[in-house]
Amino acid sequence: MNLAKKSVDTIRVLSAEAIEKAKSGHPGICLGAAAIGYELFADFLNFSYKNPHWHNRDRFVLSAGHGSMLLYSLLHLFGYNVKKEDIENFRQFGSITPGHPEYGVTDGVETSTGPLGQGIGNAVGFAVAEAHLGAMFNRPDYEIVDHFTYVLCGDGCLEEGISYEACSFAGTQKLGKLILLYDKNNITIEGNINTTFTEETATRFAAQGWQVLRVSDANNVALLKAALNRAKSDLTRPSIIICNSVIGYGSAFAGTANAHGSPLGEENLQKLKDSLEWTQEPFTAPDDVKAHCLKLADEKLKAEQEWNELFARYSEEYPELAEKFKKFMSGSDPDFGDLNEIFNFPKPEATRVSGGKVLNRLAGNIPNLMVGSADLSPSTKTELKGKGFFSPDSREGCNIRFGIREHAMAAICNGIQLHGGLRAVCSTFFTFSDYMRGAVRMSAIMDIPVTYVFTHDSIGVGEDGPTHQPVEHLIALRAMPDLKVFRPCDGKETAAAFMSAFTSNHPTAIVLSRQDVPQYTSTGLTAMTGGYTVSDFDDEPDVLLISTGAEVELCVGAQELLAQEGIKARIVSMPCIEEFENQTDEYKAHVLPPHIKARVCIEAGSHYSWYKYAGDKGEIIAMHTFGKSGKAETLFEHFGFTKENIAEKAKASMSKVAQE
């Protein structure tokens, strides 16, 4: 038996053994695509198992993340820090081999995958980042950014709409260093795809501008090698290699849905081993296979050494560029420069307008920004002026036109951020954040600081009506762990929101208004605390008015009305509940004294965010229905967002307290 075939069989058995021991997992792709994984790692993927974060490594994304054991077997054989005991602890609590690949948990895992199609979007983002950084830093004879992105997907990934969005974008952008390996086994959980997915995939990808290649037998490493070489030889367009495979190859369930998501069972596992003439102890790779794979991995270390030598010469020839590259790749926090300029907003304006100004003011000090929009930058105001647009003819452009592809946009930005060297920002209308939620959630799970700019933040959108008026979206995003949600009330709070985003390890959603808002003297950097007093009296307040965004202006009006009746109201702006909750108990009690139970919470969104802060004596003015079509001012009055109603609710809350 030659070592290539023996290595492929090792991958199959290790994967099946781990799944059987865990009593859960997905053996089908591990058995059917083992040769694809082996050939890629053995002959194509440039990596350094001793330095998994080497900047110029090729990226590999397992979009079909349920096949995680395939990836762990490959990492184990090719020298990464995935030991025998890690394979044995597959899917166990606290292990580095979780059920789906998780970024930051396992060396060699470039992105968390599992929701099908997300990995394809991430891979497109990796390719965008490689092209952009290459245009910025490469010079003749110094290709310091020069690597490929490979992604393995299955039928399910290509059925998901996100894959169509992402691949359409990749074809338009001619991302020639992106290679998609399609494990075409024609099976999903419910059975053969002939009832759900009969399109001619090759024609679809050709129409999207991809090079289409075929491998008739996914077990034939020679055919795989030839196809991969052809894919790499055409840098004018991305490539898809359609690999005809058999799910669960070699097992009793080969070619059936039974192989997809259940262990083989002890008896069938033994039959698989018998068919492969396998005599090794459980979870043990043959010595010659271990030596063979590690030798291949050691040979790949030369590429990193050669790159280090190249970068040393580059540093001598282009010292300023070399320092800039190192700063980009370090991911260090930016120097914001002149804060007076950043916080300069002399007149009322929509916070979306302020956000555009902030982005452009910061761009001079954060040169590694890549900012994109889903066909809405004239409305979201996120275009970086004078920075050009990323395109096949202008890879150095810092703006990205994603087209009307919200879900893929977010997943691509995850890939850009994960690649290293760049800060990803994307924007659309807030109501369309629903289309992006799967990818935003992956940002939060991976804890990567993608910045999402969502404009047209409430019923203030007006005449476009309820389809475009976000109501439940704030609470939906606030419910997501590790995502910060800012809804600023003016320009200075908007600046603070962006500064918080660009110094954070978490993703941030910045939610901005369509309508104009006043500028306040008391706002500024303090907004980074998430909640603070905007207006107060010298004496202890009688009632607290707690609000966000444009509704803070209504609180100012209500404060004046209440003052006329001798009632002292403190206005608290709470642009980011997550950051406020991160403050000390002492700080939170200073802003919201627990003994002051008369409170009104005001927000033109769902009421569910506010019960904690309103308490049992407080009032909440919020949305309980969808909006309507009409002028913004008419809608605010109709739904009770007026200074008069706030004042009345404040007195009602005080009355409840007095009755105790």
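The rules we used
- Counting from 1, residues in each chain are numbered in the order their sequence is written.
- Local features are withheld for residues below a pLDDT of 70 in this predicted model, meaning they are given only at 70 or higher, and side-chain atom pairs are given and counted only at 80 or more; totals for whole chains, interfaces and linings count all residues.
- Hydrogen atoms and water are omitted, and side-chain values are computed over all heavy atoms in the structure.
- The secondary structure listing takes helices from DSSP runs of H or I that are at least 4 residues long and strands from runs of E that are at least 2 residues long, numbered from the N terminus.
- Helix span, as expected, comes to 1.5 Å for every residue beyond the first.
- Remark: exposure states derive from per-residue accessible area (1.4 Å probe, protein chains only) relative to the maximum for the residue type, with buried under 20%, exposed over 50%, and partly exposed in between.
- Directions from the helix axis toward the C-beta atoms define the arc.
- Here a polar contact is recorded for every N or O atom pair within 3.5 Å, except that within protein the pair must consist of a potential hydrogen donor and a potential acceptor, and residues adjacent in sequence are included only if both atoms are side-chain atoms.
- Pairing between two strands is assigned when DSSP locates at least 2 bridges connecting them.
- Helix axes use the C-alpha atoms of the stretch in contact, all axes being lines fitted to C-alpha atoms, and the angles between their N-to-C directions lie in the range 0 to 180 degrees.
- Residue contacts are defined here by distance: any two heavy atoms, one from each residue, within 4.5 Å place the two residues in contact.
- Each angle receives one of four descriptions, namely roughly parallel if under 35 degrees, roughly antiparallel if over 145, roughly perpendicular if within 65 to 115, and oblique otherwise.
- Only Asp, Glu, Lys and Arg are considered charged, only Ala, Val, Leu, Ile, Met, Phe, Trp, Tyr, Cys and Pro nonpolar, and every remaining residue, Gly among them, polar.
- Side-chain rings of Phe, Tyr and Trp, where Trp is taken by its six-membered ring, are said to pair if the distance between their centres is within 6.5 Å; with planes under 30 degrees apart they count as stacked, over 60 as edge-to-face, and otherwise as tilted.
- Any Lys NZ or Arg CZ that is within 6 Å of a ring centre and within 35 degrees of that ring's normal is treated as a charge sitting over the ring.
- Put plainly, a pocket is an open set of points on a 1 Å grid over the protein atoms alone with protein on both sides within 12 Å along at least five of seven lines, a cavity is a set where a 1.4 Å probe fits but cannot get out, and a lining residue has an atom within 4 Å of a point.
- Grid points are joined across faces, edges and corners, and a volume is the space filled by probe spheres set on the points.
- Crossing handedness: left-handed means the near helix sits turned counterclockwise from the far one by under a right angle, and right-handed means the same turn made clockwise.
- Put simply, a disulfide is two cysteine sulfurs that come within 2.5 Å.

Trainee: Just to check I follow, could you spell out helix H10 (residues 221-233) for this structure?
Mentor: Between its first and last C-alpha atoms H10 spans 18 Å; for 13 residues at 1.5 Å apiece the expected length is 18 Å, and the two agree. Along H10, the positions that sit buried rather than exposed are Leu224, Ala227, Leu228 and Ala231. For H10, the arc enclosing every buried residue in end-on projection is 100 degrees, short of the 170-degree limit, so these residues lie on one face. Across from the buried face of H10, at angles greater than 90 degrees, the exposed residues are Ala222, Arg230 and Ser233. A distance of 3.0 Å separates the backbone nitrogen of Ala222 from a side-chain oxygen at the start of H10, and that oxygen is part of Asn220.

Trainee: Explanation requested: the sheet that holds strand S6 (residues 211-215) in the structure shown.
Mentor: Sheet strands associate in pairs through backbone hydrogen bonding, adopting either a parallel or an antiparallel arrangement. The strand order across the open sheet formed by 5 strands is S1-S2-S3-S7-S6, and the pairing between neighbours is parallel. Two strands in the sheet have a free side with no partner beyond their single neighbour: strand S1 (59-62) and S6. On average, each strand axis in the sheet is inclined to that of its neighbour by 20 degrees, with strand direction left out of account. Relative to strand S3 (residues 178-184), strand S2 (residues 149-154) runs parallel, the two sharing 6 bridges. Bridging from a neighbouring strand, Leu152 pairs with Leu181 of S3. Contacting S1, S2, S3 and strand S7 (239-244), helix H3 (residues 34-43) runs over the sheet at an angle of about 155 degrees to S3.

Trainee: Would you explain the side chain of Asn185 in this entry?
Mentor: Checked against the element boundaries, Asn185 lands in the loop between S3 and strand S4 (187-188). Beyond its immediate sequence surroundings of up to four residues, Asn185 is in contact with Asp155, Ser245, Val246 and Ile247.

Trainee: Sorry, what's going on with the pairing of strand S20 (residues 619-623) here?
Mentor: Moving residue by residue along a regular strand, the side chains alternate between the two faces of the sheet. Taken across its 5 residues, S20 has 5 buried, putting it largely inside the fold. Relative to S20, strand S19 (residues 599-606) runs parallel, the two being bridged by 4 bridges. Counterpart to Cys601 in the pairing with S20 is Ile620.

Trainee: Help me understand the packing of helix H1 (residues 3-22) against helix H12 (residues 287-317), please; the structure alone is not making it clear to me.
Mentor: When two helices pack together, their arrangement is given by the angle between their axes and by how far apart the axes lie. For the pair H1 and H12, the least separation of the axes is 10 Å and the interaxial angle reads 105 degrees. Here H1 is positioned roughly perpendicular relative to H12, judged by the angle of their axes. Of the residues in H12, those touching H1 at Leu3, Lys6, Ser7 and Thr10 are Asp288, Val289, His292 and Cys293. Looking at side-chain class alone, the contact of H1 with H12 contains 3 nonpolar, 3 polar and 2 charged residues.

Trainee: Explain the packing of aromatic side chains here, please?
Mentor: Ring pairs (aromatic) are described by centroid distance and by the angle formed between their planes. Going through the model one piece at a time under the given rule, you end up with 29 aromatic pairs. Members of the aromatic cluster, each reached through a chain of ring pairs, are Phe137, Tyr142, Trp307, Phe311, Tyr314, Tyr318, Phe325 and Phe328. Of note, Arg361 hangs over the ring of Phe345, and the distance from its end group to the ring centre comes to 4.8 Å. Lying across the ring of Phe389, Arg401 places its NZ or CZ 3.7 Å from the centre.

Trainee: Would you explain the environment of Phe639 in this entry?
Mentor: Relative to the elements of secondary structure, Phe639 occurs in the loop between helix H25 (632-638) and helix H26 (643-658). Take Phe639: its relative accessible area is 17%, and that puts it in the buried class. Put simply, Phe639 and Lys628 are 11 residues apart on the chain and 9.8 Å apart in space, counted from C-alpha to C-alpha. Excluding residues within four positions of it along the chain, Phe639 makes contact with Ile459, Met623, Thr625, Phe626, Gly627 and Lys628.

Trainee: What am I meant to see in empty space enclosed by the protein here?
Mentor: Rolling a probe over the atoms, with the probe sized like a water molecule, indicates the empty space that remains. Per the counting criterion, the structure on display carries 5 cavities of 30 Å³ or more. The computed volume of the largest cavity comes to approximately 80 Å³. In terms of lining residues, the largest cavity is bounded by Phe41, Leu45, Phe47, Pro52, Arg57, Asp58, Phe60, Leu75, Tyr80, Gly108 and Glu110.

Trainee: Could you clarify how one ought to interpret the packing of helix H8 (residues 161-172) against helix H17 (residues 406-419) in this entry?
Mentor: The contact between H8 and H17 brings their axes to 8 Å, and the two run at 70 degrees. Classed by the angle they form, the pair H8 and H17 counts as roughly perpendicular. In this structure, H8 crosses over H17, and the sense of that crossing is right-handed. Each of Ile162, Glu165, Ala166 and Phe169 in H8 lies in contact with H17, whose residues at this interface are Glu406, His407, Ala408, Ala411 and Ile412.

Trainee: Help me out: how do you make sense of the state of the cysteines in this one?
Mentor: Where two cysteines share a covalent bond between their sulfur atoms, that bond is called a disulfide. Summed over all chains, the structure comprises 0 disulfides. Unpaired in terms of disulfides, Cys157 finds its nearest cysteine sulfur in Cys153, a separation of 5.2 Å. In this model Cys555 remains outside any disulfide bridge; the closest cysteine sulfur is found in Cys601, 9.4 Å from its own.

Trainee: For this particular structure, what's the right way to read unusual backbone geometry?
Mentor: Apart from glycine, the bulk of residues carry a negative phi angle, and the bulk of peptide bonds sit in the trans form. At Asn186, a position not held by glycine, the phi torsion is positive, near 65 degrees. As for its placement among the helices and strands, Asn186 is situated in the loop between S3 and S4. Looking at Asn186, the relative accessible area reads 28%, which means it is partly exposed. Its identity is not glycine, yet Glu277 carries a phi of approximately 55 degrees, on the positive side. Within the secondary structure layout, Glu277 lies in the loop between helix H11 (266-275) and H12. Assessed through its relative accessible area of 67%, Glu277 is described here as exposed.

Trainee: Honestly, the environment of Pro98 in this entry has me stumped. Any pointers?
Mentor: Inspection of the secondary structure assignment puts Pro98 in the loop between helix H5 (84-88) and helix H6 (118-137). On a C-alpha basis, the gap between Pro98 and Val61 in space is 16 Å, while along the polypeptide they are 37 residues apart. If sequence neighbours within four positions are ignored, Pro98 has contacts with Ser68, Tyr72, Phe90, Val105 and Thr106.

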